[in-house]
Amino acid sequence: MNPDLEKLIALQEADREIERLNQEIALLPRRVATIESKLADTRARIEKAKAAMAAAQKDRKKLDTEIQDHQQKISKYRDQSLAVKTNEQYKALLQEITFAEQAIRACEDKILDGMLAVETQEKNQKAAEAELKQEMAEIEKEKSEARARTEEDQKQLAEWAARRNLLRSEISADVVPYYDRVQTLRKSGIAEVHEDSKCSACNVMLRPQTYNEVRANDRVIACDSCGRILYYVPPPPEPEPAPGPAPAEAAQPAAESAS
Ligand SMILES: [Zn+2]
């Protein structure tokens, strides 16, 4: 094969690997970012549960104070009821006592509701804390994996870049800029031709003469249609006819030694 063609094939491989590695390096931090945003959500949930519990505790204190106030009123009304002169006054005080007792019951109902809410929030907080712990472990693992992978990719990238530079210095000086132009335009600068005599990249049939020239693989020829440099890949050799089944030799089990 023409040495330029051979090196162009290798150059294309180097270009593809460099592109793949660059893409991979760019994508690696995204997985970490996804978990990090999950982590922020979980932290927010914990904060929300804590705030809800603090609010419930504040409500509870307020309700306890209200109950005390009503109880004080009730005992005051009871004291007053001993000293009243008229039946009307007595009835009015009893009414006040009933109102205060109703208010106490309402407060007690609210306290009960609050306790149930706190229980739920406590469960939410515990669940979110467990999740956070797991996510933190996960993110550490992801981060160290991404770091290791990036390092490895960077190393490979440097190797491929060196290989690429060497190949470019070895390919005929007029061929490299041509390859670069087509590569920039079409994302690949070189294409295979198989027995169907088509350019495998743009799928256009080559003229018979061009096909014959490409088959020789002895010089740089471009596709008339897409401009990619063409090289011929012969079909894989026909597989040898499978030999008939080997005569089955029954494996004799090794005689067990008598112990
Ligand atoms: Zn083509």
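These figures come from a predicted structure and were not determined experimentally.

Visitor: Would you mind going over the overall build of the protein with me for this structure?
Guide: What the protein contains, in helices and strands, is four helices and three strands. Here the C-alpha atoms of the protein give a radius of gyration of 42 Å, more than 25% beyond the 18 Å that 2.2 N^0.38 yields for 259 residues. Principal-axis analysis of the C-alpha atoms gives the protein an extent of 130 × 80 × 35 Å. Here the protein holds 259 residues, and 28% of them are scored as buried. Considering only intrachain contacts with a sequence separation of at least 6, the fraction spanning at least 24 residues in the protein is 71%.

Visitor: Whenever I open this one, unusual backbone geometry confuses me. Can you help?
Guide: The bulk of non-glycine residues show a negative phi, and the bulk of peptide bonds are trans. The phi dihedral of Lys187 falls on the positive side, at around 70°, and the residue is not glycine. Relative to the helices and strands, Lys187 resides in the loop between helix H3 (175-186) and strand E1 (190-193). Although it is not a glycine, Ser197 adopts a positive phi angle of roughly 55°. The residue Ser197 is located in the loop between E1 and helix H4 (208-216) in this model. For Ser197, a relative accessible area of 13% gives the class buried.

Visitor: Where do I start with the environment of Ile97 in this structure?
Guide: Structurally, the position occupied by Ile97 is in helix H2 (residues 87-170). Taking the relative accessible area as the measure of exposure, Ile97 reaches 6% and is therefore buried. For Ile97 and Ile35, which are 62 residues apart along the polypeptide, the C-alpha to C-alpha distance reads 59 Å. Not counting chain neighbours up to four residues away, the residues in contact with Ile97 comprise Ile74, Tyr77 and Arg78.

Visitor: How do you make sense of the nonpolar core when you look at a structure like this?
Guide: Side chains of nonpolar character tend, in soluble globular proteins, to be buried together. Counting residues in hydrophobic clusters, the biggest one holds 12 residues: Leu5, Leu8, Ala10, Leu11, Leu167, Ile171, Val175, Val176, Tyr179, Ile190, Ile229 and Tyr231. The dominant element in this core, judged by the number of residues it contributes, is helix H1 (residues 3-83), at four residues. Grouped together as the second largest cluster of nonpolar side chains are 11 residues, Val193, Leu206, Ile221 and Cys223 included.

Visitor: Where do I start with the packing of aromatic side chains in this structure?
Guide: By the definition in use, this model includes one aromatic pair. Between Tyr211 and Tyr232, the ring centres sit 6.2 Å apart and the planes meet at 80°, which makes this aromatic pair edge-to-face. Residue Tyr211 is found in helix H4, and its partner Tyr232 is found in strand E3 (residues 229-232); the two are separated by 21 residues along the sequence. As far as burial versus exposure is concerned, Tyr211 and Tyr232 are alike and both buried.

Visitor: Honestly, the coordination of the zinc ion in this entry has me stumped. Any pointers?
Guide: A metal bound by six donors in octahedral fashion has ideal angles of 90 or 180 degrees, whereas one bound by four tetrahedral donors has an ideal angle of 109.5 degrees. At 2.2 to 2.3 Å from the zinc ion lie its protein donor atoms, namely Cys199 (SG), Cys202 (SG), Cys223 (SG) and Cys226 (SG). In this structure, the zinc ion is coordinated by four donor atoms arranged in tetrahedral fashion, with angles at the metal of 103 to 117°. All donor residues of the zinc ion come from one chain, and their arrangement in sequence is C-x2-C-x20-C-x2-C. Note that Cys199 is positioned in the loop between E1 and H4 and Cys223 in the loop between strand E2 (221-222) and E3, a separation of 24 residues in sequence.

Visitor: Quick question: what am I supposed to make of the packing of H1 against H2 here?
Guide: The relative placement of two packed helices is expressed as an angle between their axes plus a distance between the axes. Look at H1 against H2: their axes get within 5 Å of each other, and the N-to-C directions meet at 165°. Taken together, H1 and H2 sit at an angle that is classed as roughly antiparallel. Taken together, the residues of the contact of H1 with H2 sort by class into 38 nonpolar, 12 polar and 34 charged.

Visitor: I tried to follow the confidence of the model for the protein on my own but got confused; where do I start?
Guide: Regions with low pLDDT should not have their predicted coordinates read in detail. In the predicted model, the protein carries a mean pLDDT of 91, and the fraction of residues at 70 or more is 93%. Note on residues 255-259: pLDDT is under 50 here. Beyond four places in sequence and across chains, it has zero contacts.

Visitor: What should I look at first to understand the pattern of salt bridges in this one?
Guide: When the charged atoms of two side chains with opposite charge come close together, those side chains can pair. Tallied over the entire structure, the rule returns 16 salt bridges. When the shortest N-O distance is used, the salt bridge between Asp15 and Arg164 registers 2.5 Å. Note that Asp15 is positioned in helix H1 and Arg164 in helix H2, a separation of 149 residues in sequence. With a closest N to O distance of 3.1 Å, Arg31 and Glu142 form a salt bridge. With Arg31 in helix H1 and Glu142 in helix H2, the pair connects residues that are 111 residues apart, well separated along the chain. Overall, the relative accessible area of 41% leaves Arg31 in the partly exposed class.

Scoring rules and cut-offs
Residues numbered from 1 in each chain as written. Predicted model: local features only at pLDDT ≥ 70, side-chain atom pairs only at ≥ 80, totals over all residues. Heavy atoms only, no water. Helix = DSSP H or I, 4+ residues; strand = E, 2+ residues; numbered from the N terminus. Rg over C-alpha atoms; globule rule 2.2 N^0.38 Å. Buried < 20%, exposed > 50% of the residue type's maximum accessible area, 1.4 Å probe, protein only. Contact = heavy atoms within 4.5 Å. Core = buried A, V, L, I, M, F, W, Y, C linked by side-chain atoms within 4.5 Å. Phe/Tyr/Trp six-rings, centres within 6.5 Å; stacked < 30°, edge-to-face > 60°. Donors = N, O, S within 2.8 Å, 3.2 Å for Na, K, Ca; no water. Tetrahedral: all angles 85-135°; square planar, octahedral: opposite > 155°, others 65-115°. Axes fitted to C-alpha atoms, helices over the stretch in contact; angles between N-to-C directions. Parallel < 35°, antiparallel > 145°, perpendicular 65-115°, else oblique. Nonpolar A, V, L, I, M, F, W, Y, C, P; charged D, E, K, R; others polar. pLDDT = per-residue confidence, 0-100. Salt bridge = Lys/Arg side-chain N within 4 Å of Asp/Glu carboxyl O.

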